[in-house]
2 protein chains.
Amino acid sequence: MAMGAGSWMTEVRACVERRLEEYFAAKRRDPAADGPEGTLLIDAVEGLTMRGGKRLRAALVAAGLRAVDEAVAIERMTSVGAAVELLQTYLLIHDDWMDQDDQRRGGQAVHAALRDRLGDTHRGASVAVLAGDMANAYAWELLADASFPNVSGGAAFHYFAVVQQDVLFGQAMDILGASDVDRMQRLKTASYTTRGPLLLGALLGGATDAQRRALADFAEPLGIAFQLRDDLLGTFGDRALLGKPVGNDLRAGKRTSLLVAAERLATDPGVLAPVTRVLGRRDADDEHVRAAAVALEECGARQAVETRLAEYVRAAERVLHDAPFSMLGRAWLEHLVSSMTRRSD
Amino acid sequence: MAMGAGSWMTEVRACVERRLEEYFAAKRRDPAADGPEGTLLIDAVEGLTMRGGKRLRAALVAAGLRAVDEAVAIERMTSVGAAVELLQTYLLIHDDWMDQDDQRRGGQAVHAALRDRLGDTHRGASVAVLAGDMANAYAWELLADASFPNVSGGAAFHYFAVVQQDVLFGQAMDILGASDVDRMQRLKTASYTTRGPLLLGALLGGATDAQRRALADFAEPLGIAFQLRDDLLGTFGDRALLGKPVGNDLRAGKRTSLLVAAERLATDPGVLAPVTRVLGRRDADDEHVRAAAVALEECGARQAVETRLAEYVRAAERVLHDAPFSMLGRAWLEHLVSSMTRRSD
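Small disclaimer: the values here were computed from a predicted structure and weren't measured. Counting of residues starts from 1 at the beginning of each chain's written sequence and follows it residue by residue. The lettering of chains begins at A and the numbering of ligands begins at 1, in the order of writing. Only residues with pLDDT of 70 or above have their local features reported here, since the model is predicted, and side-chain atom pairs are shown and tallied only from 80 upward, although totals for entire chains, interfaces and linings are computed over all residues. Side-chain numbers here rest on the full set of heavy atoms in the structure, without hydrogens or water.

Participant: Outline the overall build of chain A, supporting the account with residue identities and numerical values.
Facilitator: For chain A, the count of helices and strands is 16 helices and two strands. Atoms counted for the radius of gyration: C-alpha only. Globule rule: 2.2 Å times the number of residues to the power 0.38. Relative to the 2.2 N^0.38 estimate, which gives 20 Å for 345 residues, the radius of gyration of chain A is 20 Å and therefore close to what a compact globule would have. When its C-alpha atoms are laid out on the principal axes, chain A stretches across 60 × 55 × 35 Å. Taken across its 345 residues, chain A has 61% of its residues classed as buried. Any pair of residues with heavy atoms lying within 4.5 Å of one another is described as a contacting pair. A separation threshold of at least 6 residues defines the contact pool for chain A, and within that pool the share at least 24 residues apart is 73%. Here the Shrake-Rupley method, with its probe set to 1.4 Å, supplies the accessible areas, and only the displayed protein chains count as covering residues. Approximately 13,200 Å² of chain A is accessible, and the part contributed by carbon and sulfur atoms is 50%. His is not counted here, nor are the chain ends, while Lys and Arg score as positive and Asp and Glu score as negative. To locate a charge, take atom NZ for lysine, CZ for arginine, CG for aspartate or CD for glutamate. Treating the 41 positive side-chain charges of chain A as one cloud and the 48 negative ones as another, the clouds have centres 1 Å apart. The secondary structure listing takes helices from DSSP runs of H or I that are at least 4 residues long and strands from runs of E that are at least 2 residues long, numbered from the N terminus. Exposure classes here rest on a 1.4 Å probe applied to the protein chains alone. A residue is buried below 20% of its type maximum, exposed above 50%, and partly exposed in between.

Participant: So what's going on with the side chain of Thr78 of chain A? Which residues, and what values?
Facilitator: Residues and elements named next belong to chain A. With respect to the helices and strands, the residue Thr78 is situated in helix α4 (residues 78-99). Polar contact is defined as a pair of N or O atoms within 3.5 Å, subject to the rule that within protein one atom must be able to donate a hydrogen and the other to accept it, and that residues adjacent in sequence are counted only when both atoms are side-chain atoms. A polar atom in the side chain of Thr78 sits 2.7 Å from the backbone oxygen of Glu75. Contact partners of Thr78, with chain neighbours within four places excluded, come to Cys15, Val16 and Arg19.

Participant: Tell me about the interface of chain B and chain A, and please be specific about residues and values.
Facilitator: Residue-level contacts link 52 residues of chain B with 52 residues of chain A. In total, about 4,300 Å² of surface goes out of reach between chain B and chain A, with carbon and sulfur atoms giving 70% of it. The tally of links from chain B across to chain A stands at 22 residue pairs in polar contact (both at pLDDT 80 or more). Sorting the residues of the side of chain B that touches chain A by element identifies α1 (7-29), α2 (36-50), α4 (78-99), α6 (121-145), α7 (155-175) and α8 (181-204) of chain B as the ones contributing at least two each. By definition, the buried area sums, over both parts, the 1.4 Å-probe accessible area that each loses when the two are put together.

Participant: For the environment of Asp231 of chain B, give the residues involved together with the corresponding values.
Facilitator: All names here are of chain B. Looking at the element boundaries, Asp231 is found in helix α9 (residues 209-236). When its relative accessible area of 2% is taken as the criterion, Asp231 is described as buried. Taking the C-alpha atoms as reference points, Asp231 and Ala304, 73 residues apart in sequence, are found 12 Å from one another. Residues contacting Asp231, with those up to four places away along its chain left out, are Gln185, Asp249, Thr256, Ser257 and Leu258.

Participant: I'd like a rundown of the pattern of salt bridges, residues and numbers included.
Facilitator: Residues and elements named next belong to chain A. Salt bridges, as used here, are contacts in which a Lys or Arg side-chain nitrogen is within 4 Å of a carboxyl oxygen on Asp or Glu. A complete count under the given rule lists 44 salt bridges over all chains for this structure. One salt bridge connects Asp145 with Arg19, and the closest N-O pair in it is separated by 4.0 Å. Of this pair, Asp145 sits in helix α6 (residues 121-145) while Arg19 sits in helix α1 (residues 7-29); the two residues are 126 residues apart in sequence, bridging distant segments of the chain. Judged by its relative accessible area of 36%, Asp145 falls in the partly exposed class. A single network of salt bridges, built from pairs that share partners, joins Asp95, Asp99, Asp174, Lys188 and Lys254.

Participant: Break down the relation of the copies chain B and chain A for me, with residues and values.
Facilitator: Superposing copies: least-squares fit, C-alpha atoms only, residues required to have pLDDT of at least 70 in both. When chain B is brought onto chain A, the operation consists of a screw motion whose angular component is 180 degrees and whose axial shift is 0.0 Å, with 0.0 Å RMSD remaining. Taken together, these values place the two copies in the relation of a two-fold axis. Looking at chain B, 100% of its interface residues are interface residues in chain A too, so the copies touch through the same face.

Participant: Which residues make up the nonpolar core, and what values go with them?
Facilitator: The definition of a nonpolar core used throughout is a set of buried Ala, Val, Leu, Ile, Met, Phe, Trp, Tyr and Cys residues joined through side-chain atoms within 4.5 Å. Counting 250 residues, the largest nonpolar core has Met77 of chain A together with Met77 of chain B as the members making the most contacts within it. Not counting residues within four places of it along the chain, the set of residues in contact with Met77 of chain A comprises Val12, Val16, Ala58, Val61, Ala62, Leu65 and Leu204 of chain A.

Participant: Could you give an account of the packing of aromatic side chains, naming the residues involved and the relevant values?
Facilitator: For Phe, Tyr and Trp, where Trp contributes only its six-membered ring, two rings pair if their centres lie within 6.5 Å, and the inter-plane angle classes them as stacked under 30 degrees, edge-to-face over 60, or tilted in between. Evaluated as defined, the whole model comprises 13 aromatic pairs over all chains. The interplanar angle of 80 degrees and the centroid separation of 4.9 Å between the aromatic rings of Trp140 of chain A and Phe160 of chain A together place this pair among those described as edge-to-face. Taken together, the positions of Trp140 of chain A in helix α6 and Phe160 of chain A in helix α7 (residues 155-175) put the pair 20 residues apart, joining distant regions of the chain. With respect to burial, Trp140 of chain A and Phe160 of chain A carry one shared label: buried. Ring geometry for Trp140 of chain A and Trp140 of chain B: centres 3.9 Å apart, planes at 0 degrees, overall stacked. With Trp140 of chain A in helix α6 and Trp140 of chain B in helix α6, this residue pair bridges two chains. Taken together, the ring pairs connect Trp140 and Phe160 of chain A together with Trp140 and Phe160 of chain B into an aromatic cluster. For a lysine, the NZ atom is tested; for an arginine, the CZ atom; a charge sits over a ring if that atom is within 6 Å of the ring centre and within 35 degrees of the ring normal. Over the aromatic face of Phe236 of chain B sits the side chain of Arg302 of chain B, whose NZ or CZ is 4.2 Å from the ring centroid.

Participant: Let's hear about α8 of chain B: which residues, and what values?
Facilitator: All names here are of chain B. One fewer than the residue count of a helix, multiplied by 1.5 Å, yields its expected span. Between the first and last C-alpha of α8 there are 32 Å, a value that for 24 residues agrees with the 34 Å anticipated at 1.5 Å per step. For α8, the principal kink sits at Ala190 and spans about 60 degrees. Burial within α8 is extensive, with 21 of its 24 residues counted as buried. Looking one or two residues past α8, Gly206 carries a phi angle of roughly 65 degrees, positive in sign. Here the bend at a residue means the angle between the axes of two seven-residue stretches, the one that ends at it and the one that starts at it.

What follows is the structure, encoded as structure tokens:
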């Protein structure tokens, strides 16, 4: 990768952060938000949104737009980029409460902060769910403020609604422990992390049907690869990069790709005893979690997931190779594949 | 009121119910919904939506459209009518969980039914919040499928997003016990119950600015009157008509208009002792709740709220008198004032 190949991501991030800051400032001036209750909700939404890091989803909107229009000013995607970041805020707030994950993005999850602030678990959870609902209403407003010049009326809105429906079905599968983990992750993550942002960017640029199809074909393996990397980082990663404790997937008893691989590979159930000991145990200590990680490595599950990850990365790159995209758009998308699936990020 | 003056409401209800039935049937065929988790979510959303009764909000969409276009086929409002009914489903599901109200529309509230079904309070609440989120995503999809021929791109979507923001601020005020009850009810109820549906209907018909202003001026007193009637029914109503136990506002400790009036009127605090005894007590029995209702009547709070209700009804009727609406639209709106603020409904 050439030096400076990612400077467009820095530019996109700056645009979107500025738009978000302006938007929150305007919302604080809304008469409906006047008073301590309004401030509490906006603080919760803004607080989590603004410690959002790399703005990958906004970058995907930009790359989707660039793939179908090499020349358009990148500012055209700013409102949609801000909308997908607020969609992420909405989903994280609700998910963290459902999963009882108290840490997020290097700080307290919203429901945990509000529980402590209000001194009441149910009231904290209620205001957190409202804050998530508000983030979603903000996302829709930002989407409504974008201009989609070459597509018919409600197409972008219809698409955004369907993306949300997919995520919610995936989250229900996750909560209820559905056995088809690949399908769950496709619905829960690929939909709004890769396909949604890429196609909204493409709609901004008036994409052809062939371009939309190619972006959807690209989004699928990229989204799965991103989720596999997330599963690996959740167990073998670095807490500082992760923004929450390592091992929380195990403690929550989540059926991640690592667990599915381990069940397939470990012929002797004794090998997975350290995993079983922590699985679904909220109070498991770090030492036992580390022992579980060692067991997942020794039974070959880590290697199996890394191999699958590499295959999905190659599949995404293959789609790019033949896709009817602009040169610059293709370069941006290649950069994103690397950025979203590297081990260290 | 002439015989048959409300037959248009029957027609609107039939259109919207048919649209909702078709919509849910289509959603069940969506591959993303395949499996028990998808069925559980759709059952929850459809179950509560279809026992929805009079479809007042859909009728307001129809009357808003009719006010600005005397001749248009009423089917033009069907998708928007279905959207506002699903918005209502979304808000009821989240509110009932927040308020811990286990009864709604003559049956179990969604979080209560899912708690019993899944045998776990948190999991039931999580799937209920997801079902509310799904109802909202459905509402947006239905809105995106409507056609707004004479308004610029995102106007209806922007407006729907702002209505939701108002409701959420109002709900935060309600949960956190804000002292300004009038403002809370304006944000929480008038926004999505009257103003939102009326103005979406008007946008469908390409309303003039003067017509939109008049509808907003009409929506405000009508929304407050509707809420005052709701407060009265919640304490003095009939359980069968209410669809949930009488006295739940008291048991939940809600600052309703009745309570605010009672605090103002009762110079001797002893008069309100029966109210204080049940206020915020989930386990208060029916006999004590009835005694509280008697105290609210004897201190003059009931009469004070009924007087205010009548004033707001007159205010709404005054706006109608001078508004630049079609003759038929005005008649429909008059009918709605009566239907939404009568004691017995």
